[in-house]
Structure formats: structure tokens, C-alpha cells
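Read off the chains here:
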Amino acid sequence: MARPLDWQLATVAGVHDETDAVRSFSLTLPAWTGHRPGQHVDLRLTSEDGYSVERSYSIASEPERAPEVDITVERIPDGEVSPFLHDVVVPGDRLEVRGPIGGYFVWEASQPGPLLLVGGGSGVVPLMAMIRHRARAGAMNPTRLLLSSRGPGEIIYREELDRLSATQDGFQVAHTLTREQPPGWSGYARRIDEAMLSEVLDPLGREARVYICGPTALVESAANALVRIGLAPSQIRTERFGPTGT
Amino acid sequence: MATDVTTHDLMLDGNAVAGLLADLFGADVTVVPAKCATCGEVNAMGALHAYVRAPGSVLRCPICGAVMMRIVQTDRATRIEMRGIAYFRFERSGG
């Protein structure tokens, strides 16, 4: 059996646009050992002259989808990897992948209790794996997602999140749009702050388990605000992503 | 994406080097507690602050900011310096 750290050749089974700049890729892995929601894969591109570059992408899909996994990639215009994935890769292509990787930023349906997920931009990706897993597993634990996006066209997984939050199984989503709001917008319209977190957290209670993923500035401010509200740092898990030249 | 990124904006966390570390240690280390040799605080490797834009990667203590681990990869070898770590604690599997 392949170990998680062995590189394997994944086949691109499907490509799906989430927003103008964000695209999901379904990968079929020949020797997938299964993942836990929140884990990621490493992806390696090697050019003909041997130059190779690796990037880490969170898995967006639930473990129940194995041996297929989805990654969701934001196109960074001056990046080395994401423009290739967006502009060149089509179904049937093969990509070098290894994983799953990471056990820190992980939530599984076997962990009971209220859950607060806080995401900024494509930071929603590992949180989506948790949300999809929660739905597939039939978990009923109160769960709220607070998702910060720049504008209405940049909300990743918007339709699926709306659909899942309408199923009455305890999952709710709150959006904030920081730069541009459509007419009649009823969600938040500012950066995530203590008052907003307090409102979203309130129905879940102070014992909620929290996962925050996004740019470092968002992660830091949200985590610090939650500690000021009264949560213990041990309740909060964070994953930062930055402008890593992807 | 801002172009005037500061060092702080470039900070990631230990999860960013999880694949590399797992390759070297033979197991996932993001959940492994590591004690900072400078301030004595214990944090999971995944919670350490990571700076990966340098010619190598640097992991710092999220509490005091001290360098805990430096990783440099060349064509021939990977060099890890970890004077800043007092200890790791690896759970025995099944134990």
C-alpha cells in the first residue's frame, strides 16, 4: 500500500469553476489512503528541464468521496502553479500528488459539540471539507460558518452553502462582504470583528470548537477577538495562508 | 491581493511545511507538541509560525517569536537546525 508521502499520479476527473478566479479540480488517486476533513495534499509540477515546484492545497471534498478528492485553487496572476492549473489543466491530465498531510487542522463528525467555522476567501476550502463531511455523516451538531468574501461574485461554494444551510440539520452560514455589496444585501458588510463574531457565536455558546482559516491578518484578528470574548485558546485551531506565490 | 505585503502578511503556520516535515520524520508532526527552548511554552508544530519565503523555511514560537526550527533544502540534502526546540513529544501509536 502506498504511504501518504509517496508521490502518486492523480488523474484530473473534472474541472469546475467556483468563481471567476477560483476553480475546483476533482482528482482520482490510484492509492489514496483516505483523509480527514481539513487535511491537504502537496502537488508537484516538474518542467522538462527538471525544475520542480511544490504547493500545498487543502482538500475541499469529504472523505466519503474517496478515492476522489477535490482541491479548490485560486488563480494568483503572478503565481507559478495556480495559473498553470487554471489555464492548462483539463480533465484526463495527470498531476503528481501526495497526501493526505496534516493532522492539526482537522475536524471529524465523531467530535461532538457546537462548531464555529470562520473563513476568509479561499480559506473556506478546508472548512468546506468539514461541512460536506458533516452533512454526509448526518451529524446534527450546531454548526455555523462565518465567511468573509470581497464581493458577491467572489463567494466560493455559495449555492452549495445556501442549499446546505436550508436543510434544517443545524448548519447555518453568515456572510460578510468587505468591499462590494449587492443592492438589498442583508448580510454583514465589514471585516470580521469582535461584535460580528460575538453575534455568530452566541447561539453556539462559549464551549464551541472553532476553526479559522484565511489570510494571516484575518486569522489573527478573529482568534484574538474570540479569546477576548472568553474562549480558551485551546478551543481554537487556525490555519493561515498567505500570498505564497502560488 | 495586496502588493505591499509585510513580513507579517507572509507568515504562515506549521501546516505549510507539514509535507516536508512528514517526509523527514516519517510521520505527521503537525499535532506533535514542541516545547520552545526560549520561553518554555508548548505548542503543536502546526501552530508554530512559519516563514517559508526565505531561501529556507523558519518556524517560530507563536508565543515569544523565537526561532525554533530552520529548514534548508538543497539539491543534495536537507538541513534542519532546531536548537530552539527543547523537546518534541511523540505519542506512541496504540498506546
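Keep in mind that this is a model prediction, so the values were computed, not measured.

Within chain A one finds five helices and 11 strands. On C-alpha atoms alone, chain A measures out to a radius of gyration of 18 Å, which is about the 18 Å that the 2.2 N^0.38 rule sets for 246 residues. Each principal axis of the C-alpha atoms in chain A carries an extent, and together these give about 55 × 40 × 30 Å. The proportion of buried residues among the 246 residues of chain A is 52%. Put simply, chain A shows about 10600 Å² of open surface, and 48% of that area lies on carbon and sulfur atoms. Of note, chain A has its 24 positive side-chain charges centred 4 Å away from the centre of its 32 negative side-chain charges.

Taken as a whole, this structure holds 21 salt bridges over all chains when the rule is applied. Notably, a salt bridge pairs R65 of chain A with E68 of chain A, separated by 2.8 Å at the nearest N-O pair. Through salt bridges with shared partners, one network takes in D42, E54 and R98 of chain A together with D23 of chain B.

With that settled, consider the packing of aromatic side chains. Evaluation of the coordinates by the stated rule reveals four aromatic pairs over all chains. Judged by centre distance (5.7 Å) and plane angle (80°), the ring pair of F25 of chain B and F88 of chain B falls under edge-to-face. In this pair, F25 of chain B is assigned in helix α1 (residues 18-25) and F88 of chain B in strand β8 (residues 85-88), connecting sequence segments 63 residues apart. F88 of chain B sits in the partly exposed class, given a relative accessible area of 22%. The rings of F25, F88 and F90 of chain B are connected pair by pair, giving a single aromatic cluster. The lysine or arginine in question, R44 of chain A, covers the ring of W7 of chain A, its NZ or CZ lying 4.3 Å from the ring centre. Lying across the ring of Y51 of chain B, R60 of chain B places its NZ or CZ 5.9 Å from the centre.

About the cut-offs
- Residues numbered from 1 in each chain as written.
- Chains lettered and ligands numbered in written order.
- Predicted model: local features only at pLDDT ≥ 70, side-chain atom pairs only at ≥ 80, totals over all residues.
- Heavy atoms only, no water.
- Helix = DSSP H or I, 4+ residues; strand = E, 2+ residues; numbered from the N terminus.
- Rg over C-alpha atoms; globule rule 2.2 N^0.38 Å.
- Buried < 20%, exposed > 50% of the residue type's maximum accessible area, 1.4 Å probe, protein only.
- Areas by Shrake-Rupley, 256 points an atom, 1.4 Å probe, with all protein chains shown as cover.
- Lys, Arg positive; Asp, Glu negative; His and termini not counted.
- Charge placed at Lys NZ, Arg CZ, Asp CG, Glu CD.
- Salt bridge = Lys/Arg side-chain N within 4 Å of Asp/Glu carboxyl O.
- Phe/Tyr/Trp six-rings, centres within 6.5 Å; stacked < 30°, edge-to-face > 60°.
- Lys NZ or Arg CZ within 6 Å of the ring centre and 35° of its normal.

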